[in-house]
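Each chain is listed here by its residues.
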Amino acid sequence: MEPIHVSELFRVLDLVGVFANAILGGLVARELRLDPIGFATLAVLSGLGGGMLRDVLLGQGPPAALLDYAYLVTALAGAALSYLLNVSGSRLAANLACH
């Protein structure tokens, strides 16, 4: 088995963060009762916004989200998941409070 390179590990962790933030954007879209385009818009903005801001502030080339299509696909997958699964903010908060 070949070892995982550190850069690939950082990419995977970055994509996990994009996915999680996209789901959060989708939860906001559900609370606002937006349509699928609204879900996608909020998920992409919340999923990619933080990482793009980080990359711009670090000034080490263009943001990774603009160079790798996997970031957009991951954000849209988070939007689709949050659109298809009816998890409201109050149910999520209740589940977190029980654990």
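This is a predicted model, so every value here is computed, not measured. (Residues numbered from 1 in each chain as written. Predicted model: local features only at pLDDT ≥ 70, side-chain atom pairs only at ≥ 80, totals over all residues. Heavy atoms only, no water.)

(A) Molecular detail of unusual backbone geometry. Backbone geometry at Arg-33 places phi at a positive 55°, although glycine is not the residue there. Relative to the helices and strands, Arg-33 resides in the loop between helix 1 (6-31) and helix 2 (36-58). (Helix = DSSP H or I, 4+ residues; strand = E, 2+ residues; numbered from the N terminus.)

(B) Fine view of empty space enclosed by the protein. According to the stated counting rule, one finds 1 cavity of 30 Å³ or more in the structure shown. Put simply, the largest cavity is a space of about 50 Å³. Elements that contribute at least two residues to the lining of the largest cavity include exactly helix 1, helix 2 and helix 3 (64-67). Ranked by residues supplied to the lining of the largest cavity, first place goes to helix 2 with 6 residues. For the lining of the largest cavity, the per-class residue count stands at 6 nonpolar, 2 polar and 3 charged. (1 Å grid on protein atoms, 1.4 Å probe; cavity = no way out; pocket = protein on both sides within 12 Å on 5 of 7 lines; lining within 4 Å. Points joined across faces, edges and corners; volume = space filled by probe spheres on them. Nonpolar A, V, L, I, M, F, W, Y, C, P; charged D, E, K, R; others polar.)

(C) Structural detail: the side chain of Asp-68. When you line up the elements, Asp-68 lands in the loop between helix 3 and helix 4 (69-84). Within the structure, Asp-68 has its side chain in polar contact with the side chain of Arg-11 (distance 2.8 Å). (Polar contact = N/O pair within 3.5 Å; in protein donor to acceptor, adjacent residues only side chain to side chain.)

(D) Representation of helix 2. Between its first and last C-alpha atoms helix 2 spans 33 Å; for 23 residues at 1.5 Å apiece the expected length is 33 Å, and the two agree. Along helix 2, the sharpest change in direction is near 35° and occurs at Gly-49. Listed in full, the buried residues belonging to helix 2 are Gly-38, Phe-39, Ala-43, Gly-47, Leu-48, Gly-51 and Asp-55. Two residues or fewer after helix 2 comes Gly-59, characterised by a positive phi angle close to 65°. (Expected span 1.5 Å × (residues − 1). Bend = angle between axes of the 7 residues up to and from the residue. Buried < 20%, exposed > 50% of the residue type's maximum accessible area, 1.4 Å probe, protein only.)

(E) Representation of the packing of aromatic side chains within the structure. Taken as a whole, this structure holds 1 aromatic pair when the rule is applied. Pairing Phe-39 with Tyr-83 gives two aromatic rings, centres 4.9 Å apart and planes at 85°, and the pair type is edge-to-face. You can see Phe-39 sitting in helix 2 and its partner Tyr-83 sitting in helix 4, a full 44 residues away along the chain. Here Tyr-83 falls in the partly exposed class, since its relative accessible area comes to 38%. (Phe/Tyr/Trp six-rings, centres within 6.5 Å; stacked < 30°, edge-to-face > 60°.)

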